[in-house]
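# Results of the structural survey
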Amino acid sequence: PLRATDMKKDVRILLVGEPRVGKTSLIMSLVSEEFPEEVPPRAEEITIPADVTPERVPTHIVDYSGNKCPLVGKSANVICIVYAVNNNINLMSFTFLITMFPVYFRLPLILVGNKSDLVEYSSMETILPIMNQYTEIETCVECSAKNLKNISELFYYAQKAVLHPTGPLYCPEEKE
Ligand code: GTP
Ligand code: MG
């Protein structure tokens, strides 16, 4: 029999964000289950086979490094915008990243506050107004590539945003 999962397309997660926030480290931490002290600027695209993902869908993770507009965003179906919770959040750059292509290409979006190991506080107070402003934002998560906190959760949320979207993007009356 045809199961619902047979109809699902692959999940393609793109990580973007300011330089040095830990995009590559997050991917490498997920893959190796330990924090890599040294990382290349950009991780090779990785594919997680369906049977080891919680949603049983092949999942590709694409890293991004540099400051050109990542046109690769077109082929992604969820975008993770990574920031570092120990930096002052640059609202300008944040808004730029949000509007640049997630909104443009109508992709679900996850805000990822990395380096939670470095601070005692939460960045949620700063993030909440942004979340309320952009309905594309499915969820936000604070994590640490260093102590592996919330790493698998983050990629699970990204999968879920593609497979079980809740955002108003997907309201039947909006979808033509
Ligand atoms: P670009 O490719 O240059 O845009 O950077 P990136 O976002 O890929 O960041 P990268 O993974 O290269 O990490 C930048 C620095 O932050 C490195 O020195 C990492 O070791 C460090 N780093 C990454 N994640 C964490 C974390 O969760 N906690 C701490 N304390 N340091 C981290
Ligand atoms: Mg990188």
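Residues numbered from 1 in each chain as written. Chains lettered and ligands numbered in written order. Predicted model: local features only at pLDDT ≥ 70, side-chain atom pairs only at ≥ 80, totals over all residues. Heavy atoms only, no water.

Glancing now at the nonpolar core. In this structure, Ile-13, Leu-15, Leu-26, Ile-61, Val-112 and Phe-155 are the most contacted members of the largest nonpolar core, which totals 28 residues. Put simply, the parts of the chain that give this core at least two residues each are strand 1 (11-17), helix 1 (23-32), strand 2 (46-48), strand 4 (78-84), strand 5 (109-114) and helix 4 (151-163). Here this core takes seven residues from helix 4, the largest share from any one element. Leave out the neighbours within four places in its chain, and Ile-61 touches Ile-13, Leu-15, Ile-27, Leu-30, Glu-44, Glu-45, Ile-46, Ile-48 and Phe-155. (Core = buried A, V, L, I, M, F, W, Y, C linked by side-chain atoms within 4.5 Å. Buried < 20%, exposed > 50% of the residue type's maximum accessible area, 1.4 Å probe, protein only. Helix = DSSP H or I, 4+ residues; strand = E, 2+ residues; numbered from the N terminus. Contact = heavy atoms within 4.5 Å.)

A few words on the coordination of the magnesium ion (ligand 2). Of the protein atoms, only Thr-24 (OG1) and Pro-41 (O) coordinate the magnesium ion (ligand 2), at distances of 2.0 Å. In this pair, Thr-24 sits in helix 1 while Pro-41 sits in the loop between helix 1 and strand 2, placing the two residues 17 residues apart along the sequence. Residue Pro-41 is classed as exposed on the basis of its relative accessible area, which comes to 62%. (Donors = N, O, S within 2.8 Å, 3.2 Å for Na, K, Ca; no water.)

This paragraph deals with the site of ligand 1. By nearness alone, 18 residues border ligand 1, and Lys-23, Thr-24, Ser-25, Asp-117 and Ala-145 come closest of all. Backbone polar atom of Arg-20 to an oxygen atom of ligand 1: 3.0 Å apart, as the coordinates give it. Here Lys-23 contributes a side-chain N or O atom positioned 2.7 Å from an oxygen atom of ligand 1. When the free accessible area of ligand 1 is taken as 650 Å², the share hidden by the protein chains comes to 85%. The cavity that encloses ligand 1 is the largest pocket. If one sorts the elements of the shell around ligand 1 by residue count, helix 1 sits on top with three residues. Considering only residue class, the shell around ligand 1 consists of seven nonpolar, six polar and five charged. (Near = heavy atom within 4 Å. Polar contact = N/O pair within 3.5 Å; in protein donor to acceptor, adjacent residues only side chain to side chain. Areas by Shrake-Rupley, 256 points an atom, 1.4 Å probe, with all protein chains shown as cover. 1 Å grid on protein atoms, 1.4 Å probe; cavity = no way out; pocket = protein on both sides within 12 Å on 5 of 7 lines; lining within 4 Å. Sits in = over half its atoms within 2 Å of the grid points. Nonpolar A, V, L, I, M, F, W, Y, C, P; charged D, E, K, R; others polar.)

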